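# A look at the structure
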Amino acid sequence: LTTAERTAAAGATPAAGRPLRARLAVHVPGALLVAPGVLWLAVFFLAPLAIIFVVSLASRNDSNQLVFDSLSLNNYAEATRPEYVPAFLNSVRYAAITTFLCIALGYPIAYWISRHGGRRKVLLLILVMLPFWTSYLIRTYAWMIILRDNGVLNGFLQTIGLIDRPLILLNTDFSVILGMTYGFLPFAILPLFVSIDRLDHNLVHAARDLYASGRAAFLHVTLPLTLPGIVAASMLTFIPAIGDYVTPDLLGGAQTTTAAKMVQVLFSTGRDWPYGSALGFLLMLMTLVGTFVALRTLRRETFG
Amino acid sequence: MAERRISRRSLLEAVAKVGPVVALGPIIAACTSSAASASPSASSAGATPGASGPAPSTPAEPSAEPTPEAELNVYNWDAYIGENTVKEFEETYGIRVIYDKFPDASTMMAKIRSDGKGAGYDVCYPTSVEIPALVSEGVLQPLKLDLIRNATNLGAEWSNPGYDPNNANSMPYMWWTTGYCWNGDTIAEELDSWESLWNPAYSGRLSMLDDYREVFAVAAFRLGLDPNTTDEGELDQMVALLEEQKPLVRTYTTDDIGVMAGGQADIAHAWSGDVYQMYEDVPNVRYVIPKEGAVRGSDTMVVLSGAPHPIAANLWINFNLDAEVSAANTNYIGYMGPNAAAREFIDPAILEDPTVNPDLGLVDKLVELLELGTDTDKYTQRWNALKA
């Protein structure tokens, strides 16, 4: 029995003609229903963003406390100095290559799970997510042990006689991109899987019936119809990748500094919150612009 | 200051090697590491289920002292205390210790400053240079020196340090020097100058500490400048020298033990105590305090101003200044304490090792880094530009 039915049966509210839920849906305005979502966004996204922005305009007194009496854009002028450009470029480069590799590796995996997973689909998806059962930090340390000069991989290659001097793997672009691709691959596979799994395969069959080659059917039917999944996967990879500082910090080296690492120095040892906030805000702006462009492109592609 | 033995590396590695499939490495390593990292803390948190209940067999020593609280929250470097110190303290006083560890100093400093009074911790281990700022910000509370009678064990040079007169707010814990080390198997020469860190022969085999004050200090010693300078012109000279060095540097990291043990570096800017911890993996590691001069630093024990258990906190500090406890700490971690009374209990191998316990004749070449307030920006900006 629903509450409405129960109260109706008790005769307390004779007006209860329809179930409570239906009456609620009519009377509660839509605004109230989205309120939790809006509140969540406001508290956990907009408020922190606003705080970071205000702090980025502030300055500090001699004992390192924040001062808000003369807000200015000085920190931004400082943050866009040409010396820092390489670090920003590094961030974008790592994030872009990582995103590309995650899609290139994730798409076939997601496709295979969706088309050939059969009864084991759920198991296969759990396997994709399995690495999350261990802390990312621990998994990154494990990569250090594998990649270091006298590590597992070099040891193996030397034992089988393929190389006689250790390969320089750790502290390079290679190790950073490897670590990031490894870390973000599950974030790419899941949205790709959803969009591939939702694809009506009859459309592909129709294309084949109309004498499209397998390649043409993929390029003109499957790929465009799964584009939303590709964009979602790209965003879920690119956004955390551009702000990732753990991977470049642990697997990177002297020549691989990223913007996120600079922000970390400013907030912790440097204790320069305004300047760190300005750098962080710029980084976020870059991400937002990238996301916006991606979404615009998607809308044009899918809705004409 | 270093990342002191983040995990039991050798164990981790041994198990990772067992898995012939490289891809299994992370999973296996992950399983082991959680088991391995439990061992240092086994003596802490959950190890004494009954401690908070009935009083232990050994009563708290002098009965005139105020009754300590039932618990104590300690926040220290990972692997920076004797193996049994926590357990012995719990048994002696019947206080349950909640022992929390940090991997780098900046994490700890940010945390204890987050609410301006220590974020709920009782005892913490900041570097001595931070003490004046922490005192003026009100993050620390003065020590109850009548509870810390073991302060008399301190060597004369530690009883009235410049950063904290009469140790009113902090007690010295361990000290070290910052020089550099090299692997005697791959570099046969005797090295004694900072110039070696600019030697192109070591290109790609060289690591520097990821600590801007330490790195700038190296440049200052080479140029004959004061490592605490705030002069823009001098800092520009230092950073120019470091720009010259950067192409040779494999990585800037505080894991000096890891880069030497992992074979990434043959020569590394390093903290003396960490070199002691390298012996196991790199038996022929050598360490030098370069002739141009070097940085000396020390860590302290402090009671935070918001400490929920201040009496237990002071008793903890007193306990760690006990001659035998202090010696046990040193024997396990390889850092020298400032405790003169402890010397007779310290492993002779450590006392005779000039890496850990340098000749006092060198002490006048050693400089302590000072807190520079907002002038720190001059360093961080150049540091970020150097690394970018």
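Going along each chain's sequence as written, the residues are numbered from 1 onward. Lettering for chains starts from A, numbering for ligands starts from 1, and both go in the order in which the items are written. With pLDDT at 70 or above as the cut-off, local features in this predicted model cover only qualifying residues; side-chain atom pairs require 80 or more to be listed or tallied, and sums for whole chains, interfaces and linings still use all residues. Just so you know, side-chain values use all the structure's heavy atoms and leave hydrogens and water out.

## Quick word on the confidence of the model for chain B
Residue and element names in this part refer to chain B. Per-residue confidence for chain B gives a mean pLDDT of 83, with 83% of residues at or over 70. In the model, residues 1–62 has pLDDT below 50 throughout and makes 104 contacts with residues more than four positions away in sequence or in other chains. If you check the scores for this complex, the pTM reads 0.77 and the ipTM reads 0.78. Confidence scores labelled pLDDT are given residue by residue by the predictor and lie between 0 and 100. Whether two residues are in contact is decided by their heavy atoms, any of which lying within 4.5 Å being enough.

## A short note on the interface of chain B and chain A
At the junction of the two partners, chain B supplies 41 residues and chain A supplies 43 residues. When two parts are put together, the accessible area they lose, computed with a 1.4 Å probe and summed over both, is reported as buried area. Note on chain B versus chain A: buried area summed over both sides is about 3500 Å², and carbon and sulfur give 55% of it. Between Lys or Arg on one side and Asp or Glu on the other, a salt bridge is scored when a side-chain nitrogen of the former is within 4 Å of a carboxyl oxygen of the latter. Counting across the chain B and chain A interface gives 4 salt bridges. Across the pair R250(B) and D149(A) runs a salt bridge, and its minimum N-O distance is 2.9 Å. Each polar contact in these results corresponds to two N or O atoms within 3.5 Å; when the atoms are within protein, one needs to be able to donate a hydrogen and the other to accept it, and residues that are neighboring in sequence are counted only if both atoms are side-chain atoms. Counting the contacts that link chain B with chain A gives 15 residue pairs in polar contact (both at pLDDT 80 or more). In the side of chain B that touches chain A, the residues fall into 15 nonpolar, 13 polar and 13 charged. Here the term charged refers only to Asp, Glu, Lys and Arg, the term nonpolar to Ala, Val, Leu, Ile, Met, Phe, Trp, Tyr, Cys and Pro, and the term polar to all other amino acids, Gly among them.

## Structural notes on helix α3 (residues 85–93) of chain B
Residue and element names in this part refer to chain B. Among the residues of α3, T85, V86, F89, E90, T92 and Y93 are the ones counted as buried. Buried residues in α3, looked at end-on, bunch into an arc of 165°, giving them a common side. A run of H or I in DSSP becomes a helix once it reaches four residues, and a run of E becomes a strand once it reaches two; helices and strands are each numbered from the N terminus. Against β1 (71–77), β2 (96–102), α10 (310–320) and α11 (323–333) lie the buried residues of α3. One or two positions beyond α3, positive phi appears at G94, with a value near 65°. Partly exposed describes any residue whose relative accessible area lies between the buried limit of under 20% and the exposed limit of over 50%, with all areas from a 1.4 Å probe on protein chains only and scaled to the type maximum. Throughout, the arc means that of the directions going from the helix axis to the C-beta atoms.

## A short note on the side chain of D255(B)
Residue and element names in this part refer to chain B. Take D255: it is sitting in the loop between β6 (249–252) and α8 (256–261). Using a relative accessible area of 10% as the deciding quantity, one classes D255 as buried. Within polar-contact distance, the side chain of D255 engages the backbone nitrogen of G258 at 3.0 Å.

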